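Next come the chains, spelled out residue by residue.
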Amino acid sequence: MKWFLCTLTVFFQFIFFYGQDSLVLLKNFNYSKADSIALNFPKKKFNSFTEIAFPLCENLNTDHEKFRAIFRWITDNVEYNKSASNVADADKIVRKNKAVCQGFSNLLKEMCNSVGIECETIIGFTKTDIKDIGKKLTKTDHAWNAVQLYGRWYLVDVTWATSKFNVVTRKFEKNFDAHYFLCYPELFILDHLPKEKKWQLLDKKMKPHRFSSLPLFYADYFHLKLDQITPEKGRISVKLDKKLKISYRSNIPIKNATYQLNTERYAFPAEISTDSTDNRSTFFASFTKKGHFVFSIFLNNVIVAEYLLRVK
């Protein structure tokens, strides 16, 4: 009887997620049970990932909750550490509790596959530094995953969900970022370009030169639900006697905007105006000297994007 009820539950979950906007539903699902299991899992030495994967999932009936428990266990227990750059074996990562992106993605894949969830490792290019704007893409620099749930593929980055780089201490700090769990492809492509274009999961594929030309987006760009920011390209120029127009859309109220040049100590405040007809917000930046600068945009007191700016 218990087996029948579990099977029925999974069947209805499949119909539910497949018949509607599955990504929205999966992204916003209440994962409190799966998270509780993962975050309260025994803290002890394990010799193999299978000692973890099966117990994590045994009291969860749906694949998306099983996947979430595995994902959260990894983010809570594995440390990003460059000293483990040569550690890619899943069992060894479990024993050492540290890895870099290739190890994180391999561990997620192996743990998922062991409980019957199909998961693939994807390699590609990312944008993490202002120098990446306009950079020629020749050598891949990152690894992440695609997971199949109820017949559809979804994108995740367990490495970036685990830690956030502190620009002050120059260290990676534990800080779970739910944005990189089941990502919207149209947002994921802003900082992840897979080597195989099929893994963009987009109808209209982004070409490498366009990806390279984009601005540098920070995590808070996604946390603030920003969309369609302009300028669209990461290299921009403006005449000294002209103002630079910045516009965007957001589903979250934006109370203030500031901008900063890399040569200036302080950020400059800007007045935001919003067009009620298309819900698009705009502010302007002005400059007092010519030159080449890193132009940083702050909204609600957090950095969201950077450009390479030429004032002529």
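The structure this text deals with has already been given above.
Note that the structure is a prediction, hence the values are computed from the model and not measured.

Criteria and thresholds
- Residues numbered from 1 in each chain as written.
- Predicted model: local features only at pLDDT ≥ 70, side-chain atom pairs only at ≥ 80, totals over all residues.
- Heavy atoms only, no water.
- Phe/Tyr/Trp six-rings, centres within 6.5 Å; stacked < 30°, edge-to-face > 60°.
- Helix = DSSP H or I, 4+ residues; strand = E, 2+ residues; numbered from the N terminus.
- Buried < 20%, exposed > 50% of the residue type's maximum accessible area, 1.4 Å probe, protein only.
- Lys NZ or Arg CZ within 6 Å of the ring centre and 35° of its normal.
- Axes fitted to C-alpha atoms, helices over the stretch in contact; angles between N-to-C directions.
- Left-handed = near helix turned anticlockwise from the far one by under 90°.
- Contact = heavy atoms within 4.5 Å.
- Nonpolar A, V, L, I, M, F, W, Y, C, P; charged D, E, K, R; others polar.
- Patch = residues over 30% accessible without salt bridge, like charges linked within 9 Å, V, L, I, M, F, W, Y side chains within 5 Å.
- Areas by Shrake-Rupley, 256 points an atom, 1.4 Å probe, with all protein chains shown as cover.
- Salt bridge = Lys/Arg side-chain N within 4 Å of Asp/Glu carboxyl O.
- Lys, Arg positive; Asp, Glu negative; His and termini not counted.
- Charge placed at Lys NZ, Arg CZ, Asp CG, Glu CD.
- Pairing = 2+ DSSP bridges.

Peer 1: What is the right way to look at the packing of aromatic side chains in this model?
Peer 2: The description of an aromatic ring pair rests on the distance of the ring centres and on the angle between the ring planes. Under the defined criterion, the tally for this structure stands at 17 aromatic pairs. On the basis of an interplanar angle of 65° and a centroid distance of 5.1 Å, the ring pair of Phe71 and Phe181 is categorised as edge-to-face. Taken together, the residues Phe71 in helix α5 (residues 63-77) and Phe181 in the loop between β7 (171-174) and α9 (185-188) connect sequence positions 110 residues apart. Residue Phe181 is classed as buried on the basis of its relative accessible area of 1%. We note Arg68 situated over the ring of Phe181; from NZ or CZ to the ring centre the distance is 4.7 Å. The ring of Phe211 has Lys127 lying over it, and the distance from NZ or CZ to the ring centre is 5.8 Å.

Peer 1: I'm lost on the packing of α5 against helix α7 (residues 101-114) in this one. Help?
Peer 2: Packed helix pairs are specified by the crossing angle of their axes together with the interaxial distance, meaning the distance between the axes. The interhelical angle for the contact between α5 and α7, taken along N-to-C directions, is 145°, at an axis separation of 10 Å. Taken as a pair, α5 and α7 cross one another with a handedness that is right-handed. Residues Phe67, Ile70, Phe71, Trp73 and Ile74 of α5 lie in contact with α7, whose contacting residues are Phe104, Leu107, Leu108, Met111 and Cys112. Classifying every residue of the contact of α5 with α7 gives ten nonpolar, no polar and no charged.

Peer 1: Would you explain a positive patch on the surface in this entry?
Peer 2: Taken together, the side chains of Lys45, Lys92, Arg95 and Lys96 present a region of like positive charge at the surface. Tracing the backbone through its elements, the reader meets Arg95 in helix α6 (residues 90-96). According to the relative accessible area criterion, Arg95 is partly exposed, its value standing at 37%.

Peer 1: I tried to follow the pattern of salt bridges on my own but got confused; where do I start?
Peer 2: Under the counting rule described, the total for this entry stands at five salt bridges. Between Arg68 and Asp35 there is a salt bridge, with the nearest N and O atoms lying 2.7 Å from each other. Placement of the pair is Arg68 in helix α5 and Asp35 in helix α3 (residues 32-39), with a sequence separation of 33 residues. Judged on exposure class, the residue Arg68 and its partner Asp35 are both buried. Measuring nitrogen to oxygen at the nearest pair gives 3.8 Å for the salt bridge that ties Asp132 to Lys135. On the basis of relative accessibility, which here comes to 43%, the residue Lys135 falls in the partly exposed class.

Peer 1: In this structure, what is going on with the sheet that holds strand β15 (residues 273-275)? I would like to understand it.
Peer 2: Backbone hydrogen bonds hold the strands of a sheet together, and the pairing may be parallel or antiparallel. Sheet architecture is open: four strands sit in the order β10-β12-β16-β15, paired in antiparallel fashion. Two strands close off the open sheet at either side, each with one partner strand: β10 (226-230) and β15. Each strand of the sheet is rotated relative to its neighbour by a mean of 25°, with strand direction disregarded. Pairing between β10 and strand β12 (residues 244-250): three bridges, direction antiparallel. Bridged to Leu226 within β12 is Ser250.

Peer 1: Just checking my understanding: could you explain the sheet that holds strand β5 (residues 152-156) for this structure?
Peer 2: Strand order in the open sheet formed by four strands is β5-β4-β3-β8, and the pairing between neighbours is antiparallel. One side of each edge strand has no neighbouring strand; the edge strands of this open sheet are β5 and β8 (192-194). Put simply, the sheet's adjacent strands are angled 45° from each other on average, direction ignored. Relative to strand β4 (residues 142-149), strand β3 (residues 119-126) runs antiparallel, the two being bridged by six bridges. Bridge assignment links Thr121 to a residue of β4, and that residue is Asn145.

Peer 1: Looking at this structure, I do not really get the environment of Asn175. What am I missing?
Peer 2: Its location among the elements puts Asn175 in the loop between β7 and α9. Remark: the alpha-carbon pair of Asn175 and Arg95, spanning 80 residues in sequence, is separated by 22 Å.

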